[in-house]
Amino acid sequence: MTPAESTQAGLILKVATQLFAALGYDGTSTRQIAEAAGLNIATVNYHVGGKRELYLAVMEAAHRAEKAALETALGRLPGDDPVTAIHRLADDYLDFCVDNPEVPALWMHRWLSDASDITELERQYVQPLLSAVTGALRPAVETGLISADVDLEYTVWTVIWSVHGFAKGGVLDTEGRRRAAGDRAALRRFRAHLHLTLHRTLGLPGDPR
């Protein structure tokens, strides 16, 4: 692949990611992607194939980024202070989603049955990461740090649901204006709420960090 071809392929992937995140797979056409990239459909097909192949490439790239961030975060567990490490894990995931809002947006579209004919992505991408997190937290249950009554899988899902919702949709202030993740005050308030919720759900000792 020549430098020009590589540049064009990267541009197509970037534009497709933005459109799939904004409109969903079902709401995006190859023509829209080509026009947004300033290319023709033939060039898009030459570099990435059809719309399905491009979507799979976008989702693979999103997964690789999320997996790398999560592996770094999990590498800090348990650490000298396991309670702080657990909160740091939630912080790292929140920061990743705030810095990469297209990733939660892509998955939220799938929650609403977008690209319903492409069924393997949850099994291929989501389940391994979910298992990695619950597996990393399970020793804390065995030592009694996390309450034995806690459903770890649902707790992790609760963090995912709330973080994705905040990163993509933000919150409404008292005047009905949307405060998104780019609002520092809203982000700080959500982070504190996330810490408190996680701390109480897991039955961790001490005060939320």
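Above this text is the structure in question.
Our subject in this report is the structure included herewith. Everything quoted here is computed from the prediction, not taken from an experiment.

Criteria and cut-off values
Residues numbered from 1 in each chain as written. Predicted model: local features only at pLDDT ≥ 70, side-chain atom pairs only at ≥ 80, totals over all residues. Heavy atoms only, no water. Helix = DSSP H or I, 4+ residues; strand = E, 2+ residues; numbered from the N terminus. Expected span 1.5 Å × (residues − 1). Buried < 20%, exposed > 50% of the residue type's maximum accessible area, 1.4 Å probe, protein only. Contact = heavy atoms within 4.5 Å. Core = buried A, V, L, I, M, F, W, Y, C linked by side-chain atoms within 4.5 Å. Salt bridge = Lys/Arg side-chain N within 4 Å of Asp/Glu carboxyl O. Axes fitted to C-alpha atoms, helices over the stretch in contact; angles between N-to-C directions. Parallel < 35°, antiparallel > 145°, perpendicular 65-115°, else oblique. Nonpolar A, V, L, I, M, F, W, Y, C, P; charged D, E, K, R; others polar. Left-handed = near helix turned anticlockwise from the far one by under 90°.

Three or four residues apart is the spacing at which side chains of an α-helix point the same way, because the helix has 3.6 residues per turn. For helix 5 (residues 82–99), which comprises 18 residues, the first-to-last C-alpha distance of 25 Å matches the rise-based estimate of 26 Å (1.5 Å per residue) to within 8%. For helix 5, the complete set of buried residues consists of V83, A85, I86, H87, L89, A90, D91, D92, Y93, L94, F96 and C97. Elements in contact with the buried residues of helix 5: helix 4 (51–74), helix 6 (102–111), helix 7 (121–142), helix 8 (152–169) and helix 9 (184–202).

This next bit is on the nonpolar core. Counting 62 residues, the largest nonpolar core has F20, I86, L137 and I146 as its most contacted members. Considering each element in turn, this core owes the most residues, 9 residues, to helix 5. With near-sequence residues (within four places) excluded, I146 lies in contact with I86, L137, A140, V141, L152, L202 and L204.

Tallied over the entire structure, the rule returns 12 salt bridges. We note a salt bridge from R64 to E60, for which the minimum N-O separation is 3.3 Å. You can see R64 and its partner E60 sitting in helix 4, 4 residues apart, about one turn around the helix. With a relative accessible area of 37%, E60 lands in the partly exposed category. One salt bridge connects R110 with E122, and the closest N-O pair in it is separated by 2.6 Å. Of this pair, R110 sits in helix 6 while E122 sits in helix 7, placing them 12 residues apart in sequence.

Helix 7 packs onto helix 4 with a crossing angle of 5 degrees between their chain directions and a minimal axis gap of 11 Å. By the criterion of interaxial angle, the relationship of helix 4 to helix 7 is roughly parallel. Contact with helix 4, carried on its side by Y55, L56, M59, E60, H63, E66, K67, L70 and L74, involves L121, Y125, L129, A132, V133 and A136 of helix 7 and no other residues of that element. In terms of residue class, the contact of helix 4 with helix 7 is made up of 11 nonpolar, 1 polar and 3 charged.

Its identity is not glycine, yet S113 carries a phi of approximately 70 degrees, on the positive side. Checked against the element boundaries, S113 lands in the loop between helix 6 and helix 7.

All right, on to the packing of helix 4 against helix 6 then. Where helix 4 meets helix 6, the axes come as close as 10 Å, and the angle between the chain directions of the two elements is 125 degrees. One finds that helix 4 runs oblique with respect to helix 6. For the crossing formed where helix 4 meets helix 6, the hand is left-handed. Packed against helix 4, whose contacting residues are Y55, V58, M59, A62 and E66, the element helix 6 presents V103, L106, W107 and R110 at the interface. Taken together, the residues of the contact of helix 4 with helix 6 break down into 7 nonpolar, no polar and 2 charged.

Such coordinate-based values are descriptive only and should not be taken to indicate function.
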